[in-house]
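Listed below, chain by chain, are the residues.
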Amino acid sequence: MDVHVPTRMLVEALVRTDLTVDAGELYATASLLDMNDQQVRLCIKRLVAEGRFVQEGRGRKAILRATGDTGRALGLDVEFVTHAFRQDAGLAPWDGTWHLVAFTVPESARPARDALRAALTLLGGAAVHGGLYVSANPWEPYVEEHARRLDVLGHVTFLTTRDLRRGEENDPVALARTMWPLDEIAGRYDRLAAVAEPRLRLLQDHTEPPEPTATPEPSEPSATSAARRLTIAVELAAEFTRAMEADPLLPPELLPRPWPGARARTLTARCWSLLEEQAGKDDGAVRLFGLYGGLSRAAAGV
């Protein structure tokens, strides 16, 4: 299955732990993925114009530095991915509590109100009514951070309940099914699994040790080329991001069984683990997604 990889996805993939991107590395990696220099230049220009990165230096010697908002978003991505794998492993059980946020931001602060609504949706909330959103996860610190930044915290009310009912329906599983587009989310994970499975087989085919010979030859890290490994890593990340962005990370207790998200994440983690095993020290695939650290290795055993 073909995968579309946006140029900005590659930029984010190459963000290092100090929240910088080496432009020379970016251009070199983009070339391996058949992206031309003009694509990269335009992408950098847009990211800087949007305020997501600042550029220090010029051309291939430049350094892109993530802004505060971008750095926070990348940090949250790592945190939420970690939480998803913990849920898959049964390490984050639901306590039955619904977390609600209500807001009455005046019309005079309409842009802030719209931004808050978008943030609640991005954090996995579902609209119960116009100014009332619900999550099954303890999202209060994240909502408060957004509200403070938008200067509307005084218009926001936080509450929790274990007794949520819509009309006559109070079954948590049924409520989750009506409030979140679970079929659409599941479809994204089905696509991720369809992308990961053939790539996992390809990587597994090259993990068998070679037949012993009388005079051992210097071995390559893998029969899979470095360029191919890099392509696989970026393709997986693109589909993984598309699936995770739409996922409210509902507790497994509220989801249909089996839930395709858990299977798709496990397949992806196994691919990432094999990519790391097969890579040489100068392999571009190893440098990708440094912010995730050893997450793929730990998750591959889920």
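Residues numbered from 1 in each chain as written. Predicted model: local features only at pLDDT ≥ 70, side-chain atom pairs only at ≥ 80, totals over all residues. Heavy atoms only, no water.

Trainee: With reference to specific residues and values, describe the sheet that holds strand β7 (residues 156–161).
Mentor: Here we have 4 strands laid out as an open sheet, ordered β5-β6-β4-β7, and antiparallel in their pairing. The open sheet terminates on both sides in strands that have one partner only, identified here as β5 (126–129) and β7. Across the sheet, the axes of successive neighbouring strands diverge by a mean angle of 30 degrees, strand direction being ignored. Across 6 bridges, the pairing between strand β4 (residues 98–103) and β7 is antiparallel. Among the inter-strand pairings, F103 is bridged to a residue of β7, identified as V156. Most of the contacts of helix α5 (residues 110–122) go to β4, to which it runs at about 170 degrees, and overall it touches β4, β6 (132–135) and β7. Packing against the sheet, helix α7 (residues 172–179) makes contact with β4, β5 and β6, and its axis sits at approximately 40 degrees to β4. (Pairing = 2+ DSSP bridges. Helix = DSSP H or I, 4+ residues; strand = E, 2+ residues; numbered from the N terminus. Axes fitted to C-alpha atoms, helices over the stretch in contact; angles between N-to-C directions. Contact = heavy atoms within 4.5 Å.)

Trainee: Pulling in residues and values, what's your account of the layout of surface pockets?
Mentor: In this structure, the largest pocket spans a volume of roughly 1300 Å³. Taken together, 48 residues form the lining of the largest pocket, with A73, L76, D77, F80 and L122 sitting closest to its centre. Looking at the lining of the largest pocket, the element that brings in the most residues is helix α4 (residues 68–88), giving 12 residues. (1 Å grid on protein atoms, 1.4 Å probe; cavity = no way out; pocket = protein on both sides within 12 Å on 5 of 7 lines; lining within 4 Å. Points joined across faces, edges and corners; volume = space filled by probe spheres on them.)

Trainee: So what about helix α2 (residues 23–32)? Which residues, and what values?
Mentor: Of the positions making up α2, those classed as buried are A23, E25, L26, Y27, T29 and A30. With a side-chain oxygen lying 3.0 Å from the backbone nitrogen of G24, the N-terminal cap of α2 falls on D22. A positive phi of about 65 degrees marks D34, the residue just after α2. (Buried < 20%, exposed > 50% of the residue type's maximum accessible area, 1.4 Å probe, protein only. Polar contact = N/O pair within 3.5 Å; in protein donor to acceptor, adjacent residues only side chain to side chain.)

Trainee: For the sheet that holds strand β2 (residues 53–56), give the residues involved together with the corresponding values.
Mentor: Strand order in the open sheet formed by 3 strands is β1-β3-β2, and the pairing between neighbours is antiparallel. Looking at strand neighbours, the two that pair on one side only are β1 (20–22) and β2, the edges of this open sheet. On average, each strand axis in the sheet is tilted by 25 degrees relative to the strand beside it, whichever way the strands run. Pairing of β2 with strand β3 (residues 63–66) involves 4 bridges; the strand directions are antiparallel. Looking across to β3, one finds that F53 is bridged to A66. Strands β1 and β3 of the sheet are contacted by α2, whose axis makes an angle of about 60 degrees with β1.

Keep in mind these values describe shape, not function.
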